[in-house]
Amino acid sequence: MESSSSPKVEPDADDDVSEEVFEHFDDFTIASSWERFISKIEAICRLWMADGPNNLLEKGAIPLENSKNSYKIKSELQYDVKSYWMEYYFETKTGKSFDWNSTFHDLQLCFGVKEFLLIAPQSASGVVLDAPEASKLLSAVAIALSNSSSLWPAFVPVHDPSRKAYIGIQNTGTAFTRRFEADRIGSQVPPSLMHLEGLYQLFVSKFAYCTDDLDKHLIKVQFAMKLTYRTLPYDDDNIKDIDVQNTKSGKNLAGESSNERLWDDDCSWSEWYSSEDPVKGFELIAIWSEKTIESSMEMEEVENASPHEAEKWFISPSFSPYLLEYSNGNQFGFASALHLLVDAFEMSFEAQFLEDFVSAESPGPDNLKSSMVIPPPTVRDRVLKELFDEGVQLIDSAYDEHKTPQAIKGAPLETLFAQFCLHSLWVGNCHIRAIAALWIEFVQEVRWCWEESQLLPRMPVNGSIDLSTCLINQKLHMLAVCIKKKREWNEDHRECMGSEDQIDYMTEEESAVGDDTSSMQAQNEDFSGKFTGEPRSFPTSRDLHYSDTAFTVSQDPVKDDLLNGEKSSDQTRRGSAGVIDSMMLLKSYQRMHAPYTQEAPLMTEDMYEERLQALEASNGSFNYFAQLERDILTSDMAAFKAANPDAIFEDFIRWHSPADWLEDPEVEKSKDNWPPRGHLSKRMSESDNLWRELWDRAHALAASEQKPLFDPNREGEKVIHYLETLRPHQLLAQMVCTAFLAAADTVNKTSYGELKQMETKMQQLYLTMAPALKPLEANRLSADSETIEDLKRQCVVFGHVENLLTVAASLHRKLVQAPRLAVEIFIDFYNFYIPRMGTGLEEDYSNKKEFDTKQIVWNNEREVVSSMFVPPTANQSWRKVFSMGNLLNGHEPMVREIIFSLHDGVSNNHYAAPNASVSEQEIDTYRMYICGTSNDLRVSLSVVSCD
């Protein structure tokens, strides 16, 4: 069978010769590396043009800093052995091609472009240092853009990076091409270029052949200018110099006080710490919009013009870096101190007694004794002297004004314990040993006041105990009342020495009817077994009613009885506060007298809890609970019997509890219809009713003759015992609640003007503190890590609010005569700062954009703003020789930016493309952007040519 495979043919010598000839043949149809480089650029540009801005965002376009609608996307290119980045900058929203305040990139401002390409090598400098390479790169991009019919300008960075130099090119869609060039002089600026006239001549020289053309031909140049001024930094020395200048000039429009060194001396927190001024200064931007200049003489006039002649003013504050760098807020404020207090609370569970943290002999934590030093006695004595200043007494109205929010169990700001907590924040870095030492001496001082009958400072001596406050504040309030009554008893004892009269510890003036001290602010218990839930008030000479029934009282009981033709029982009547005109006794038909009654005994929260526990232990026996209040009820019955000797049980019920006296509805009320037809309620009619039993056993004794219901000596000693035996974690828990509340109340007193956002933020702060502090109110506390972390997060929140408050106070103080500006600037900062606020313990570094929002200054606000630019003084680091014009109160511009342009139309030009939109309008044939000061100068030039 024959094989189907073809025979193998051996190559001969002729074939080798032909292959060698083809290897040396040059095929010009194959693209070079430079052409392939252009093709890659063209492909990328076509892809970006086809996608458009919206699709580019989905493909990973990067947002630019300091701009909301500006992005960039980049692609990597390879040419020979070098790598390049090509970046496309664009905006998602169309607008003006140029705006002083809306530029998103340096090149946009320099050349007046909107979207552009930037190609640069992937090197450390990011610039092209070789001129031929730069020209080749720019040519490649220009060819690629022309092939893709794109009008994007393209730029290449050149020279040294410090020069910020660029070259660029743009196809305008016509026969014209726009070329760009930018460079910078870093030093030794020619004197002629420091003035507007010299800069004007520099621009004109780019299109005029000689200076003689300026005189022969009328050249209309468009001119725009932006001047940036900066106030002196708001440090202590400059504020002092500003005050001196304001005093000499007699003006103080910016609101600075002429006698202060520190900016926050009039702020509420200045008693505790001095905060760094968050507003370091202001930048003022004065803008001259585009105007036509025809000669250099006009430029001289513009240079000598005042900034007040500018068409627009914008102002922008410079904020302190600590506002954005410190995660817990102001490191010298309440937030950081509260964080230390929370750490002390966490350590308080390591010992059973406060003395263990102080005494070196006690078996306390050794690591605390070595790392935490107790403040010296001089420091502790100074704090106690401030706390127990005899000249500081808290009046009842001030106490009521600073009542604590019901959701936070702290102490009112001006009370003794709240002030102790605030002082503790700044003693010994607020560690547990310093707090323990200070508390022990604090309690010793309280005991001295008790034993010497000295009024307790910063505490009310009247009124009921506010159970919504912390227990320590309740105890101190109880002690203050006990000290007052103890003093009154001592005074009465001295006055009545040698007299046989019984010592009356309560004067009639203090027992006056209607006085708040003569009523018991406790719940009204239904002694037959129910709680009425209504406030119970024992009537006195000005408050002789219970429930909704009111009585008219006559202050002369004898005369009143005689006028009514009744037989008086005044020979046995005692303790009468007056006659109740609308009521008579049922049996004797005499006028009913209202008695003086004893004050209800004060009770703290733990005393109420003890009574509730006793009720639970009695297996729900209502009679047992009723007997807990039998002393009060018996006292009232005895006083009523003394004031009304002929009274019966029904009379007492009609006066004390009108709701338990039911009148017959079918009987009409009349003066002749006596006695009134009625009966006791069901609960009062029961045979085993406790009220009737107490009435039968009660003796007729006036309030002054009775045994006091409240024993100040016994209750005062109980308070001292509680304070001396308080456990460390119980003390620190109440200190944390009170310190948070007192700190918030302190900063909330700061004046910051009409800032609704700040008011809302302060209200939110109280709302967020309540749930974080709620676990500390429990009687059984533990070192719960979750609770501690919540408190530390609350410190972070407090720090952020504190930052906002200092900014609000600083702006209000500096712009008190321009409140609209203060409000608008704060709103801008508030919207900028809120996204950066977090409740985490670690700082978020994802958002580090700087604040650069500007606010327009109205004409009526310009004088206020200019007054902040006080003339520089000799002791300040300030240049004495001015090289630029347009001075503002002696301040030259920190930065001067100028744009010269020359317009020309191309609609009738034969090079114009008929379908190009640019051919229907004028274009800037020459445009020069100049930016600099007397020390440097940057010039950017764009020229349209038909080459």
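Residues numbered from 1 in each chain as written. Predicted model: local features only at pLDDT ≥ 70, side-chain atom pairs only at ≥ 80, totals over all residues. Heavy atoms only, no water.

**Brief notes about the overall build of the protein**
Right, on to step 1. Along the protein, the regular secondary structure elements total 30 helices and 21 strands.
Right, on to step 2. When burial is assessed residue by residue, the protein has 49% of its 947 residues classed as buried.
Right, on to step 3. Sequence separation of 24 or more characterises 71% of the internal contacts of the protein that already satisfy a separation of 6 or more.
Right, on to step 4. A total of about 46800 Å² of accessible surface is found on the protein, and carbon and sulfur atoms cover 49% of it. (Helix = DSSP H or I, 4+ residues; strand = E, 2+ residues; numbered from the N terminus. Buried < 20%, exposed > 50% of the residue type's maximum accessible area, 1.4 Å probe, protein only. Contact = heavy atoms within 4.5 Å. Areas by Shrake-Rupley, 256 points an atom, 1.4 Å probe, with all protein chains shown as cover.)

**Overview of the packing of helix α28 (residues 785–814) against helix α29 (residues 819–833)**
Right, on to step 1. Between α28 and α29, whose axes approach to 9 Å, the crossing angle comes to 160°. If you check the angle between α28 and α29, you find them roughly antiparallel. The way α28 lies across α29 gives a crossing that is right-handed. Only Ala822, Ile825, Phe826, Phe829, Tyr830 and Tyr833 of α29 make contact with α28, whose side of the interface consists of His800, Asn803, Leu804, Val807, Ala808, Leu811 and His812.
Right, on to step 2. Split by residue class, the contact of α28 with α29 holds ten nonpolar, three polar and no charged. (Axes fitted to C-alpha atoms, helices over the stretch in contact; angles between N-to-C directions. Parallel < 35°, antiparallel > 145°, perpendicular 65-115°, else oblique. Left-handed = near helix turned anticlockwise from the far one by under 90°. Nonpolar A, V, L, I, M, F, W, Y, C, P; charged D, E, K, R; others polar.)

**Details of the pairing of strand β14 (residues 576–584)**
Right, on to step 1. Pairing between β14 and strand β15 (residues 591–595): five bridges, direction antiparallel. Bridge pairing in β15 links valine 579 to histidine 593.
Right, on to step 2. The hairpin turn running from β14 into β15, its antiparallel successor, is six residues long, and tyrosine 589 in that turn takes a positive phi close to 60°. (Pairing = 2+ DSSP bridges.)

**With respect to the side chain of threonine 228**
Right, on to step 1. Along the polypeptide, threonine 228 turns up in strand β8 (residues 221–230).
Right, on to step 2. Contact partners of threonine 228, with chain neighbours within four places excluded, come to Glu283, Leu284, Ile285, Pro893, Met894, Val895 and Glu897.

**Section: the packing of aromatic side chains**
Right, on to step 1. Going through the model one piece at a time under the given rule, you end up with 44 aromatic pairs.
Right, on to step 2. Each ring, one from phenylalanine 640 and one from tryptophan 695, has its centre 6.4 Å from the other, and the planes form 55°; the classification is tilted. Residue phenylalanine 640 is found in helix α21 (residues 630–643), and its partner tryptophan 695 is found in helix α24 (residues 690–697); the two are separated by 55 residues along the sequence.
Right, on to step 3. Taking the relative accessible area as the measure of exposure, phenylalanine 640 reaches 0% and is therefore buried.
Right, on to step 4. The positively charged end of lysine 486 is found above the aromatic ring belonging to tryptophan 450, 4.2 Å away from the centroid.
Right, on to step 5. The side chain of lysine 641 reaches across the aromatic face of tryptophan 695, ending 4.5 Å from its centre. (Phe/Tyr/Trp six-rings, centres within 6.5 Å; stacked < 30°, edge-to-face > 60°. Lys NZ or Arg CZ within 6 Å of the ring centre and 35° of its normal.)

**Describing the pairing of strand β10 (residues 312–319)**
Right, on to step 1. Where burial is concerned, most of β10 is hidden: six out of the eight residues are buried.
Right, on to step 2. Inspection of the sheet shows strand β9 (residues 279–293) paired to β10 by eight bridges, in the antiparallel sense. Opposite glutamate 283, over in β10, you have serine 316 as the bridge partner.
Right, on to step 3. As defined by bridge partners, β10 adjoins strand β18 (residues 855–856) across two bridges and the pair is classed as antiparallel. Residue pairing for β18: isoleucine 315 is matched across the bridge by glutamine 855.

**With respect to the pattern of salt bridges**
Right, on to step 1. Per the counting criterion, the structure on display carries 33 salt bridges.
Right, on to step 2. One salt bridge connects lysine 82 with glutamate 133, and the closest N-O pair in it is separated by 3.1 Å. Within this pair, whereas lysine 82 is found in strand β3 (residues 82–91), its partner glutamate 133 is found in helix α4 (residues 131–147), the two being separated by 51 residues in sequence.
Right, on to step 3. Under the relative-accessibility criterion, glutamate 133 is labelled buried at 16%.
Right, on to step 4. For lysine 718, the salt bridge is made with glutamate 715, and the minimal N-O distance between the two is 4.0 Å. (Salt bridge = Lys/Arg side-chain N within 4 Å of Asp/Glu carboxyl O.)

**Here's the deal with the environment of phenylalanine 357**
Right, on to step 1. For phenylalanine 357, the location among the structural elements is in helix α11 (residues 355–358).
Right, on to step 2. For the pair formed by phenylalanine 357 and isoleucine 435, sequence separation is 78 residues and the distance between their alpha carbons is 9.3 Å.

**Examining unusual backbone geometry**
Right, on to step 1. Phi at glutamine 188 is positive, roughly 55°, even though this residue is not glycine.
Right, on to step 2. In this structure, glutamine 188 sits in the loop between β7 (177–185) and α5 (196–204).
Right, on to step 3. Look at glutamine 188 and you get exposed, because its relative accessible area is 78%.
Right, on to step 4. The phi dihedral of asparagine 886 is positive, around 55°, even though this residue is not glycine.
Right, on to step 5. Residue placement: asparagine 886 occurs in the loop between α30 (862–866) and β19 (895–905).

**Let's talk about the environment of tryptophan 100**
Right, on to step 1. Along the chain, tryptophan 100 turns up in the loop between β3 and α3 (106–111).
Right, on to step 2. Expressed as a C-alpha distance, the spacing of tryptophan 100 and serine 289, which sit 189 residues apart in the sequence, is 9.9 Å.

**Here we look at the confidence of the model for the protein**
Right, on to step 1. Averaged over every residue, the pLDDT of the protein is 79; residues scoring 70 or more account for 74%.
Right, on to step 2. Contacts from residues 242–260, a stretch scored under 50 in pLDDT, to residues over four places away or in other chains number 38 contacts.
Right, on to step 3. Scored below 50 in pLDDT, residues 909–919 shows 18 contacts in the model against residues more than four places distant or in partner chains. (pLDDT = per-residue confidence, 0-100.)

**Regarding a negative patch on the surface**
Right, on to step 1. On the surface, Glu686, Asp688, Glu693 and Asp696 cluster together to form a negatively charged patch.
Right, on to step 2. Within the secondary structure, aspartate 688 sits in the loop between α23 (682–685) and α24.
Right, on to step 3. Owing to a relative accessible area of 46%, aspartate 688 belongs among the partly exposed residues under this scheme. (Patch = residues over 30% accessible without salt bridge, like charges linked within 9 Å, V, L, I, M, F, W, Y side chains within 5 Å. Lys, Arg positive; Asp, Glu negative; His and termini not counted. Charge placed at Lys NZ, Arg CZ, Asp CG, Glu CD.)

**Focus on the packing of helix α26 (residues 728–748) against α28**
Right, on to step 1. Where α26 contacts α28, the two axes come as close as 11 Å, and the packing angle between them is 10°. The angle between the axes of α26 and α28 places the two elements in the roughly parallel class. Contact residues: α26 offers Val736, Phe740, Ala743, Ala744, Val747 and Asn748, while α28 offers Leu791, Gln794, Cys795, Phe798 and Leu805.
Right, on to step 2. When the residues that make up the contact of α26 with α28 are grouped by side-chain class, the tally is nine nonpolar, two polar and no charged.

**What about α26?**
Right, on to step 1. Between its terminal C-alpha atoms α26 stretches 30 Å, which fits the 30 Å expected from 21 residues at 1.5 Å a residue.
Right, on to step 2. By the criterion of burial, α26 is predominantly enclosed, with 19 of the 21 residues buried. (Expected span 1.5 Å × (residues − 1).)

**Section: the nonpolar core**
Right, on to step 1. Core analysis: the biggest nonpolar cluster contains 157 residues, and Phe417, Trp439, Phe442, Leu456, Phe798 and Phe900 have the highest contact counts within it.
Right, on to step 2. Counting residues per element, this core draws most heavily on α26, at 13 residues.
Right, on to step 3. Leaving out residues up to four positions away in the same chain, phenylalanine 417 has contacts with Ala411, Trp439, Cys470, Ile472, Leu476, Leu731, Gln734, Met735 and Thr738.
Right, on to step 4. By size, the runner-up hydrophobic cluster in this structure holds 32 residues, among which are Tyr71, Tyr84, Ile119 and Ile169. (Core = buried A, V, L, I, M, F, W, Y, C linked by side-chain atoms within 4.5 Å.)

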